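This is what each chain is made of:
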Amino acid sequence: MSDKLEYLEAALVAGERELHCLLAGEIEEAEVLAKDRGQLLEMAWRSTDPDGIAQLRDKLLKLKNLQGQLTVEARRLHAELQSDLQRAKQENQRLSGYRTSVRPNPAVRRYLDKAG
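Here is a short report on the structure shown in this document. Please read all numbers here as calculations on a predicted model, not as lab measurements. (Residues numbered from 1 in each chain as written. Predicted model: local features only at pLDDT ≥ 70, side-chain atom pairs only at ≥ 80, totals over all residues. Heavy atoms only, no water.)

**What to know about the nonpolar core**
Of all hydrophobic cores here, the largest spans 16 residues; its most connected members are Leu-8, Leu-22, Leu-63, Leu-66 and Leu-70. When residues of this core are traced back to their parent elements, those giving at least two are helix H1 (3–24), helix H2 (27–46) and helix H3 (53–97). Looking at which domains feed residues into this core, each of domain 1 (1–48) and domain 2 (49–102) gives three or more. Dropping the residues within four chain positions of it, Leu-22 is found in contact with Ile-27, Ala-30, Leu-70, Glu-73 and Leu-77. (Core = buried A, V, L, I, M, F, W, Y, C linked by side-chain atoms within 4.5 Å. Buried < 20%, exposed > 50% of the residue type's maximum accessible area, 1.4 Å probe, protein only. Helix = DSSP H or I, 4+ residues; strand = E, 2+ residues; numbered from the N terminus. Domains from an automatic or database assignment. Contact = heavy atoms within 4.5 Å.)

Structure below.
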């Protein structure tokens with residue numbers, strides 16, 4: 001197998017692991033794998049081995065499809081995070097409305113009036 005194919009195969013494996021990490025919610029690990037995948041693709045691009053154009057095309061198509069899946073999952077996670085932040089903001093506004101009505105008001109005065 002040529003160097004390009006090996007790099008592309010390794011990038012494909014890294015991309016699949018990245019997708020599994022995104023699905024599991026392991027964002028930091030997915031970020032590391034995305035960087036590794038990018039480096040592997042750069043190495044494949046710079047490699048000067050002119051073998052197997054059809055194999056290269058197949059690997060690149062698989063990588064393109066995997067990139068589409070990663071993009072869809074990342075957008076889903078982004079939308080989920082955005083809705084969570086919006087819900088937290090609304091909850092904070094709702095709870096801050098109670099702040100003025102629930103101030104502690106002692107039933108008995110703290111200091112007694114000696115004259116009364």
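**A word on the pattern of salt bridges**
Counted according to the given criterion, the structure contains eight salt bridges. One salt-bridge network, held together by shared partners, links Glu-73, Arg-76 and Glu-80. (Salt bridge = Lys/Arg side-chain N within 4 Å of Asp/Glu carboxyl O.)

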